[in-house]
Amino acid sequence: MTDLYVVFGNPIAHSKSPAIHAAFARASTQDLIYEARLAAVDGFKQAISEFQAAGGKGANVTVPFKEEAYRLCTRLSERAARAGAVNTLVFNGPEIFGDNTDGAGLVRDITHNLACPLAGQRILLLGAGGAARGVIAPLLATQPASLFIANRGAEKAKALAKGFSDIAPVNGGNFAETADKSFDIVINATSASLSGESLPLPPGLFATGSLAYDMMYGKGETPFMALTRQQGAARCADGLGMLIEQAAEAFFVWRGVRPATTAVLDDLRASLNG
Ligand code: NDP
């Protein structure tokens, strides 16, 4: 029987995950179906129970359910436990295993697709929400020279930094506190551009040869990419590669097969810009 996987979110109609996983399944000759499912904002738990009872093998979870998914799991990967959020579920009888592949996706996109090493680099992470939280431990695992988390609310950034300081030294503060610092890699994990707002980045943030990475993606350059190019970032990238790499990691968790991502990324980029 063909295995069934879904992505739950609200909204979900825009999701590119069904197309990505269909491409992975075709290329790796895996017999599976992957669908997007809308869950009511207060109906995530029920949607999961119904899917599990119907024999669903696994699910991705997106906004706004990642933290609720974390709480529903009967077992967690270490990276999901660290993130406090789950984007990948595996159903095995009554067990619900939760994983978080966002950080692995980000790290793979930067180090592999963009060929930009993270080890020894000074990293600035903008934002202290769910996406930021999910990528901190995987970023630290690459052994950067330093990691600073900047958020418009400094307290949230400081608390987040403290929560990971057992792994490596991490500091946090507001945007103004980055004023006397310089970074090799600046990652935007805020949702500022959703509200059309620009980030108050101090001048002089970007070291020679630096990379500005926006977790957001869309047609052409994102507002963050345009801003950081103006402010001196040598290279700018959006988060489409992260989206595909986190999906590939989830596919690996489910199927034990690591799908090739380059052609899928090229096709998705072309359809986004077409
Ligand atoms: P959250 O809502 O959990 O967090 C949003 C963050 O953005 C908070 O730190 C918030 O600050 C900050 N923020 C919001 N508006 C502004 C603003 N106007 N100025 C400065 N900071 C602001 O969202 P997520 O962490 O889940 O997602 C963040 C982004 O990452 C989204 O754009 C999402 O699409 C993207 N993403 C991309 C992925 C990919 O695969 N490419 C995967 C996951 C996420 P405060 O705490 O002060 O409110």
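Criteria and thresholds
- Residues numbered from 1 in each chain as written.
- Predicted model: local features only at pLDDT ≥ 70, side-chain atom pairs only at ≥ 80, totals over all residues.
- Heavy atoms only, no water.
- Near = heavy atom within 4 Å.
- Polar contact = N/O pair within 3.5 Å; in protein donor to acceptor, adjacent residues only side chain to side chain.
- Areas by Shrake-Rupley, 256 points an atom, 1.4 Å probe, with all protein chains shown as cover.
- Helix = DSSP H or I, 4+ residues; strand = E, 2+ residues; numbered from the N terminus.
- Nonpolar A, V, L, I, M, F, W, Y, C, P; charged D, E, K, R; others polar.
- Core = buried A, V, L, I, M, F, W, Y, C linked by side-chain atoms within 4.5 Å.
- Buried < 20%, exposed > 50% of the residue type's maximum accessible area, 1.4 Å probe, protein only.
- Contact = heavy atoms within 4.5 Å.
- Pairing = 2+ DSSP bridges.
- Right-handed = clockwise from strand over helix to strand, strands pointing away.
- Axes fitted to C-alpha atoms, helices over the stretch in contact; angles between N-to-C directions.

Chemist: Account for the site of the ligand, with residues named and values stated.
Modeler: Within the structure, the ligand sits among 21 residues, and Ala128, Ala131, Asn151, Arg152 and Lys156 are positioned closest to it. Glycine 129 is positioned such that a nitrogen or oxygen atom in its backbone is 3.4 Å from an oxygen atom of the ligand. Take asparagine 151: an N or O atom from its side chain is 2.8 Å from an oxygen atom of the ligand. A total of 930 Å² of accessible area belongs to the ligand in isolation, and the protein chains cover 77% of it. For the shell around the ligand, the elements supplying multiple residues, two or more each, are helix H6 (130-141) and helix H9 (240-255). Here the shell around the ligand is built from residues that sort into 9 nonpolar, 8 polar and 4 charged.

Chemist: Any details on the nonpolar core? Residues and values, ideally.
Modeler: Core analysis: the biggest nonpolar cluster contains 30 residues, and Leu106, Leu125, Ile187 and Tyr213 have the highest contact counts within it. Broken down by secondary-structure element, the contributors of at least two residues to this core are helix H5 (102-113), strand E7 (122-126), H6, strand E8 (146-150), helix H7 (154-163), strand E10 (183-188) and strand E11 (206-214). Broken down by element, the residue count for this core peaks at 6 residues, all from H6. Beyond its immediate stretch of four places on either side in the chain, leucine 125 contacts Ala132, Val135, Ile136, Leu147, Phe148, Ile149, Ala150, Ile187 and Ala189. In this structure, Ile20, Ala23, Phe24 and Ala247 belong to the second largest nonpolar core, which totals 23 residues.

Chemist: Before we move on, can you summarise the pairing of strand E9 (residues 170-173) with the specific residues and values?
Modeler: Pairing between E8 and E9: 4 bridges, direction parallel. Its bridge partner being in E9, leucine 147 is matched across the sheet by valine 170. At this point the chain moves from E8, through H7, to the parallel E9, and the crossover so formed is right-handed.

Chemist: Just give me the short version of the sheet that holds strand E6 (residues 95-99), but keep the residues and values in it.
Modeler: If you walk across this open sheet you meet the 6 strands as E2-E1-E3-E5-E6-E4, and the pairing is mixed. Strand pairing shows two members of the sheet lacking a second neighbour, strand E2 (32-38) and strand E4 (75-76), which therefore form its edges. In this structure, strand E1 (residues 3-9) lies alongside E2, joined through 7 bridges in parallel fashion. Bridge pairing in E2 places tyrosine 5 opposite tyrosine 34. On top of the sheet, helix H2 (residues 44-53) reaches E1, E2, strand E3 (58-61), strand E5 (88-92) and E6; it is set at about 175° to E1, its chief contact.

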